[in-house]
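Observations on chain architecture
Here are the chains, one letter per residue:
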Amino acid sequence: TVFDTPKDGSIHVAQRIANIIKEKQNSKEKAVLGLATGATPIKVYEELVRMHKEEGLSFSNVVTFNLDEYYPMAAEDAQSYVSFMNEHLFNHIDIPKEQINIPDGTLKLEDIPAFCLEYEKKIGDLGGLDIQILGIGRTGHIGFNEPGSAPNSGTRLVTLDDLTRRDAARDFGGKSFVPTKAITMGIGTIFKAREIILMAWNGKKASIIKKAVEGEISSEVPATFLQLSDNVEFILDKDAAKQL
Ligand code: GLP
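Treat the numbers as computed from the prediction; the structure is a model and nothing was measured. (Residues numbered from 1 in each chain as written. Predicted model: local features only at pLDDT ≥ 70, side-chain atom pairs only at ≥ 80, totals over all residues.)

**Digging into the overall build of the chain**
In plain terms, the rule: For helices the rule is a DSSP run of H or I covering at least 4 residues; for strands it is a run of E covering at least 2, with both sets numbered from the N terminus onward. Within these notes, the globule rule equals 2.2 Å times the number of residues to the 0.38 power, and the radius of gyration is based on C-alpha atoms. With C-beta atoms placed from the backbone, a residue is labelled by how many other C-beta atoms lie within 10 Å of its own: buried for 20 or more, exposed for 12 or fewer, partly exposed between the two. The contact rule is simple: place each C-beta atom from the backbone, and if two of them lie within 7 Å, those residues are in contact.
Along the backbone of the chain there are seven helices and 10 strands. Here the C-alpha radius of gyration of the chain, 17 Å, is about what a compact globule of 244 residues would show, namely 18 Å. If one aligns the C-alpha atoms of the chain with their principal axes, the spans along those axes are about 45 × 45 × 35 Å. Counting across all 244 residues of the chain, residues that qualify as buried make up 41%. Considering only intrachain contacts with a sequence separation of at least 6, the fraction spanning at least 24 residues in the chain is 80%.

Now the structure itself:
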């Protein structure tokens with residue numbers, strides 16, 4: 001679906017999320033949301049915060065699972081995805097802290113596999129993700145599933161692609177400060193969500209969006225695996241869609 005502006009697309013996505021939250025409130029269930037970081041979803045979070053403040057949308061029945069976190073990464077670091085989510089969403093809504101889940105960038109290396117299995121189990125025990133929102137990296141990554149990721153991959157420690165680290169360099173004040181690894185939900189984890197929305201805005205994403213939507217399905221461009229799912233919607237602005 002192509003929108004005129006990122007704001008129009010973001011409002012559409014925020015409304016979809018709000019509808020899920022309200023449906024679940026009515027049936028006294030938890031809404032289980034898969035969330036993403038990066039510049040792309042910021043306006044979605046802005047709109048959700050607006051709905052909370054102006055329309056009384058409550059997040060008390062919401063459980064969130066973030067896609068990924070750099071490794072190693074202290075939660076309180078400005079560049080952590082914990083800080084990002086607090087700044088853009090969690091500090092401004094009424095979600096109980098214990099209902100927020102973000103991969104832990106402070107774990108000892110040997111504790112990561114058990115943490116990742118537990119992350120998957122927590123999602124499964126809640127009945128799975130009702131919705132997963134995604135951005136896309138210029139390598140074609142979703143979450144931090146870089147080229148080479150398998151379609152059935154689970155939550156795990158991965159090595160970041162050089163292009164991903166170059167793109168993150170601005171946030172870290174230089175590429176050498178960008179962690180070389182991350183913990184990410186897998187493609188298989190993402191695929192289990194009942195609904196998947198991938199968003200992309202602006203012309204810089206146009207060529208990777210063309211590959212993701214129309215290219216050959218291959219682990220070289222992990223987002224192409226989304227072509228295999230019936231539950232995926234690409235929400236784009238005109239510029240991101242211009243090569244389709
Ligand atoms: C990071 C995140 C991804 C995100 C991507 C694109 O690598 N781990 O989840 O999709 O950046 O970022 P942006 O939205 O800033 O273009």
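Here the narrative resumes, following the displayed structure.
**A few points about the UniProt feature "domain: Glucosamine/galactosamine-6-phosphate isomerase" (unreviewed entry) in the chain**
Operational definition: UniProt positions are given in the numbering used here, feature names are shortened, and annotations may be inferred rather than shown by experiment.
According to UniProt, the feature "domain: Glucosamine/galactosamine-6-phosphate isomerase" (unreviewed entry) maps to residues 10–227 in the numbering used here. Counting secondary structure, residues 10–227 comes out at 36% helix and 15% strand; the distance between its end C-alpha atoms is 22 Å.

**Focus on the sheet that holds strand β4 (residues 68–71)**
Basically, it comes down to this: Only strands joined by at least two bridges in the DSSP assignment are considered to pair. For every element, the axis is a line fit to its C-alpha atoms; helices are fit only across the contacting stretch, and the angle between N-to-C directions ranges from 0 to 180 degrees.
With antiparallel pairing, the three strands of this open sheet are ordered in space as β4-β8-β7. Every other strand in the sheet has two partners, leaving β4 and β7 (156–159) as the edge strands with one partner each. Each adjacent strand pair in this sheet contributes to an overall mean axis angle of 30 degrees, direction not counted. Bridging between β7 and strand β8 (residues 181–184) involves four bridges; their strand directions are antiparallel. Within β8, the position partnered with Arg 156 by the bridge is Thr 184.

**Here we look at the site of the ligand**
Where we set the bar: Only the C-beta atom matters for this test: placed from the backbone, it must lie within 6 Å of a molecule or strand for the residue to be near it. By the convention adopted, Pro, Cys, Tyr, Trp, Phe, Met, Ile, Leu, Val and Ala count as nonpolar, Lys, Arg, Asp and Glu as charged, and the other residues, Gly among them, as polar.
Near the ligand lie 13 residues; those nearest to it are Gly 38, Ala 39, Thr 40, Gly 135 and Gly 137. Tallied by class, residues from the shell around the ligand come to five nonpolar, seven polar and one charged.

**Observations concerning helix α7 (residues 206–214)**
The condition is simple: Starting at the helix axis, one direction is taken to each C-beta atom, and the arc is that of these directions.
All buried positions along α7 are accounted for by Ile 208, Ile 209 and Ala 212. All buried residues of α7 project into a common sector of 100 degrees when viewed along the axis, lining one side. As for α7, its buried residues are in contact with β9 (196–200) and β10 (232–237).

**Comments concerning the pairing of β10**
Let me state the cut-off plainly: A right-handed crossover is one whose linking path, passing over the helix from the first strand to the second, runs clockwise when the strands point away from the viewer.
In terms of burial, β10 is largely enclosed, as five of its six residues are buried. Taken together, the five bridges between β9 and β10 define a ladder with parallel strand orientation. Bridge assignment links Ile 197 to a residue of β10, and that residue is Glu 233. With respect to chirality, the unit in which β9 leads through α7 into the neighbouring parallel β10 is right-handed.

**Describing the confidence of the model for the chain**
Note the threshold: Confidence of the predictor at the level of single residues is given by pLDDT, which spans 0 to 100.
Considering every residue of the chain, the mean pLDDT works out to 98; 100% of them sit at 70 or more. On the interface metric, ipTM, the complex scores 0.94, and its pTM is 0.98.

**Structural notes on the environment of Arg 138**
For Arg 138, the position within the fold is in the loop between β6 (131–134) and β7. Spatially, the C-alpha atoms of Arg 138 and Asp 167 are 8.4 Å apart, while their sequence positions differ by 29 residues. Each residue touching Arg 138, except ones within four places of it in the same chain, is listed here: Leu 163, Asp 167 and Ile 208.

**Quick word on the packing of helix α1 (residues 6–26) against helix α2 (residues 42–55)**
When two helices pack together, you describe them by how their axes are tilted relative to each other and by the distance separating the axes. Here is the rule: Small angles under 35 degrees read as roughly parallel and large ones over 145 as roughly antiparallel, with 65 to 115 read as roughly perpendicular and the rest as oblique. Take the far helix as the reference: if the near one is turned anticlockwise from it by less than a right angle, the crossing is left-handed, and if turned clockwise, right-handed.
Running from N to C, α1 and α2 cross one another at 55 degrees; their axes reach a closest spacing of 8 Å. Taken together, the axes of α1 and α2 lie oblique to each other. The element α1 and its partner α2 pack so that their crossing is right-handed. Note on element contacts: α2 touches α1 through Lys 43, Val 44, Glu 47, Leu 48 and Met 51, opposite Pro 6, Lys 7, Ser 10, Ile 11, Val 13, Ala 14, Ile 17 and Ala 18. Among the residues making up the contact of α1 with α2, the classes are represented as nine nonpolar, one polar and three charged.

**Focus on the sheet that holds β9**
Taken together, the seven strands give an open sheet; going across it, the order is β1-β10-β9-β6-β2-β3-β5, and neighbouring strands pair in parallel fashion. At either end of the open sheet lies a strand with only one pairing partner, and these are β1 (2–3) and β5 (100–101). Of the strands in this sheet, β1, β2 (31–35), β3 (62–66), β6, β9 and β10 touch α1, which is tilted by about 145 degrees from β10.

**Concerning the nonpolar core**
The following threshold applies: Note on terminology: a nonpolar core is a set of buried residues of type Ala, Val, Leu, Ile, Met, Phe, Trp, Tyr or Cys, with members joined through C-beta atoms within 7 Å.
In terms of nonpolar packing, the biggest core is built from 67 residues, with Ile 133, Ile 197 and Leu 198 touching the most fellow members. Broken down by element, the residue count for this core peaks at five residues, all from β9. Apart from the residues lying within four places of it in its own chain, the contact partners of Leu 198 are Leu 134, Ile 136, Ile 142, Ala 223, Leu 226, Val 232 and Phe 234.

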